[in-house]
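# Working through the structure, step by step
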Amino acid sequence: MLSSVIGRDMAKGQKEIDEDVAALTVRVPRALVSDIDQERNARAVRVPRNTWILEAVVEKLDRERRRLRNGTWPGVDVGQE
């Protein structure tokens with residue numbers, strides 16, 4: 001009985017997590033996938049490809065947001081007012 005309650009609670013928790021996740025289909029050249037996998041395999045602790053890609057997306061967003069805050073966004077002339 002307890003195991004069925006735990007299983008039901010775990011399934012409910014997973015459903016709540018899944019509702020916060022958008023599934024995307026991304027087309028990536030095979031050579032780029034190979035490069036990603038080489039980088040993943042070079043790590044001391046291997047991570048899933050999905051995790052590696054999410055890390056890369058977060059890094060890119062952080063970089064773009066910093067540029068925007070610093071006024072160094074491409075096409076922005078900081079010297080003009």
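## Some points on the overall build of the protein
From N to C terminus, the protein includes three helices and zero strands. Taken from the N to the C terminus, the helices and strands of the protein come in the order α-α-α. Looking at the protein residue by residue over its 81 residues, the buried ones come to 7%. Accessible surface, the protein as shown: approximately 7,600 Å² in total, 56% of it carbon and sulfur.

## Description of the pattern of salt bridges
As enumerated under the stated definition, the model contains five salt bridges in all. Here D37 ties to R40 by a salt bridge, and the two come within 2.5 Å at their closest N and O atoms. With a gap of three residues between them, D37 and R40 both fall in helix α2 (residues 30–42), about one helical turn apart. Per residue, the accessibility class of D37 equals that of R40, and both read buried.

## As for a positive patch on the surface
On the surface, a cluster of positive charge is contributed by R63, R65, R66 and R69. On the secondary structure map, R63 appears in helix α3 (residues 49–70).

## Section: α3
If you check α3, its first and last C-alpha atoms are 32 Å apart, about what 22 residues at 1.5 Å a residue would give, namely 32 Å. Looking at the residues trailing α3, positive phi occurs at G71, about 75 degrees.

The rules behind each value
- Residues numbered from 1 in each chain as written.
- Predicted model: local features only at pLDDT ≥ 70, side-chain atom pairs only at ≥ 80, totals over all residues.
- Heavy atoms only, no water.
- Helix = DSSP H or I, 4+ residues; strand = E, 2+ residues; numbered from the N terminus.
- Buried < 20%, exposed > 50% of the residue type's maximum accessible area, 1.4 Å probe, protein only.
- Areas by Shrake-Rupley, 256 points an atom, 1.4 Å probe, with all protein chains shown as cover.
- Salt bridge = Lys/Arg side-chain N within 4 Å of Asp/Glu carboxyl O.
- Patch = residues over 30% accessible without salt bridge, like charges linked within 9 Å, V, L, I, M, F, W, Y side chains within 5 Å.
- Lys, Arg positive; Asp, Glu negative; His and termini not counted.
- Charge placed at Lys NZ, Arg CZ, Asp CG, Glu CD.
- Expected span 1.5 Å × (residues − 1).

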